[in-house]
Amino acid sequence: GESVGLHLPTLSVQEGDNSIINCAYSNSASDYFIWYKQESGKGPQFIIDIRSNMDKRQGQRVTVLLNKTVKHLSLQIAATQPGDSAVYFCAENIGGSNYKLTFGKGTLLTVNP
Amino acid sequence: DTAVSQTPKYLVTQMGNDKSIKCEQNLGHDTMYWYKQDSKKFLKIMFSYNNKELIINETVPNRFSPKSPDKAHLNLHINSLELGDSAVYFCASSQVIDWTGTNEKLFFGSGTQLSVL
């Protein structure tokens, strides 16, 4: 399967359950954060973003929470569906003109029907 | 109507060869990037261009030479390919959103899987 040899953190949930994917970021100066979803054989796809002046942002079935005190980001997916199965990446950016998005390790989410 | 398109999708070649990957974006974005994704899915930035000018070069070997003929295109040429160059290469673009040059979220292409034999 796809996860063999990858050594990615994995999360396995049942269809209809809520999923929470966690991410610890490294730079306290980071001011912009993004979650991406990458399906097999495709490029990363934007899900939701949040700026450091917020601690929560909601989208369609997704919520991102930001805790700057402990440098922690989470992505909550409500009513997880089989189509949500993918690798999820958090990314951080310090901002300014030398824009560089630094990606985290990735978490493999598997949704069981 | 693909926003960020890169070609080829698959590239299989021998060590020592020279190859190119092309990328085009039709989003009108100012900034384009090349990222490398290794076998463990780790994504790392290689280059960033803003309006055809190089702004980020992340200590990539000089065998890798990006070229931006205009702000909608960013191609990647690789000389003397090595086994360790095998990876998936992603092109991306983003838009500058304010006067400081801050960019917003990246839009990625579908990737080029490079296999060096």
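One can find the structure itself at the top, above this paragraph.
All of the points below concern the structure found in this document. From a predicted model like this one, the values you see are computed outputs, not experimental measurements. (Residues numbered from 1 in each chain as written. Chains lettered and ligands numbered in written order. Predicted model: local features only at pLDDT ≥ 70, side-chain atom pairs only at ≥ 80, totals over all residues. Heavy atoms only, no water.)

**A closer look at the overall build of chain B**
Part 1 of the reasoning: Secondary structure summary: chain B contains zero helices and eleven strands in total.
Part 2 of the reasoning: Beginning at the N terminus, the succession of helices and strands in chain B can be written as β-β-β-β-β-β-β-β-β-β-β.
Part 3 of the reasoning: On C-alpha atoms alone, chain B measures out to a radius of gyration of 14 Å, which is about the 13 Å that the 2.2 N^0.38 rule sets for 117 residues.
Part 4 of the reasoning: Principal-axis analysis of the C-alpha atoms gives chain B an extent of 45 × 30 × 30 Å.
Part 5 of the reasoning: Burial statistics for chain B: of 117 residues in total, 45% are counted as buried.
Part 6 of the reasoning: Accessible surface for chain B amounts to roughly 5700 Å². Of this, 51% is attributable to carbon and sulfur atoms.
Part 7 of the reasoning: Positive and negative side-chain charges in chain B, numbering 12 and 12 respectively, have mean positions lying 6 Å apart. (Helix = DSSP H or I, 4+ residues; strand = E, 2+ residues; numbered from the N terminus. Rg over C-alpha atoms; globule rule 2.2 N^0.38 Å. Buried < 20%, exposed > 50% of the residue type's maximum accessible area, 1.4 Å probe, protein only. Areas by Shrake-Rupley, 256 points an atom, 1.4 Å probe, with all protein chains shown as cover. Lys, Arg positive; Asp, Glu negative; His and termini not counted. Charge placed at Lys NZ, Arg CZ, Asp CG, Glu CD.)

**Considerations on the overall build of chain A**
Part 1 of the reasoning: Looking only at helices and strands, chain A has zero helices and ten strands in total.
Part 2 of the reasoning: Secondary structure of chain A in N-to-C order comes out as β-β-β-β-β-β-β-β-β-β.
Part 3 of the reasoning: Expressed as a percentage of its 113 residues, the buried residues of chain A come to 42%.
Part 4 of the reasoning: Long-range pairs, those at least 24 residues apart, make up 55% of the contacts in chain A with a sequence separation of at least 6. (Contact = heavy atoms within 4.5 Å.)

**Concerning the nonpolar core**
Part 1 of the reasoning: In this structure, B:Trp34, B:Met46, B:Phe47, B:Phe64, B:Leu76, B:Tyr89 and B:Leu114 are the most contacted members of the largest nonpolar core, which totals 20 residues.
Part 2 of the reasoning: Residue assignment for this core shows that the elements contributing at least two residues are strand S3 (19-25), strand S4 (31-37), strand S5 (43-50), strand S8 (73-78), strand S9 (87-94) and strand S11 (112-116) of chain B. (Core = buried A, V, L, I, M, F, W, Y, C linked by side-chain atoms within 4.5 Å.)

**Structural notes on the pairing of strand S7 (residues 72-77) of chain A**
All names here are of chain A.
Part 1 of the reasoning: Two strands pair when backbone bridges link them, and strand S2 (residues 19-24) and S7 are joined in this way by six bridges, in the antiparallel orientation. By the bridge assignment, Ile 21 is partnered in S7 with Leu 75.
Part 2 of the reasoning: Two strands pair when backbone bridges link them, and strand S6 (residues 62-67) and S7 are joined in this way by six bridges, in the antiparallel orientation. For Thr 63, the partnering residue across the bridge sits in S7 and is Gln 76.
Part 3 of the reasoning: Two successive antiparallel strands, S6 and S7, enclose a turn made up of four residues, where Lys 71 displays a positive phi of approximately 55°. (Pairing = 2+ DSSP bridges.)

**Describing the side chain of B:Asn50**
Residues and elements named next belong to chain B.
Part 1 of the reasoning: Along the polypeptide, Asn 50 turns up in strand S5.
Part 2 of the reasoning: Looking at Asn 50, its side chain comes within polar contact range of the side chain of Thr 31, at 2.8 Å.
Part 3 of the reasoning: Apart from the residues lying within four places of it in its own chain, the contact partners of Asn 50 are Asp 30, Thr 31, Ile 55 and Val 96. (Polar contact = N/O pair within 3.5 Å; in protein donor to acceptor, adjacent residues only side chain to side chain.)

**Regarding the state of the cysteines**
Two cysteines whose sulfur atoms are joined by a covalent bond form what is called a disulfide.
Residue and element names in this part refer to chain A.
Part 1 of the reasoning: Per the counting criterion, the structure on display carries two disulfides over all chains.
Part 2 of the reasoning: The partner cysteine of Cys 23 in its disulfide is Cys 90, sulfur to sulfur 1.6 Å. Placement of Cys 23 in strand S2 and of Cys 90 in strand S8 (residues 86-93) is noted, with a sequence separation of 67 residues between them. Across the pair, exposure class does not vary: Cys 23 and Cys 90 are buried alike. (Disulfide = S-S within 2.5 Å.)

**A word on the sheet that holds S8(B)**
Residues and elements named next belong to chain B.
Part 1 of the reasoning: Within the open sheet, the four strands sit side by side as S1-S3-S8-S7. Their pairing is antiparallel. With one partner strand each, in any of the chains shown, strand S1 (4-7) and strand S7 (64-70) form the two edges of the open sheet. Averaged over all pairs of adjacent strands, the angle between their axes in this sheet comes to 20°, without regard to strand direction.
Part 2 of the reasoning: Summarising the sheet, S3 and S8 pair through four bridges and their orientation is antiparallel. (Axes fitted to C-alpha atoms, helices over the stretch in contact; angles between N-to-C directions.)

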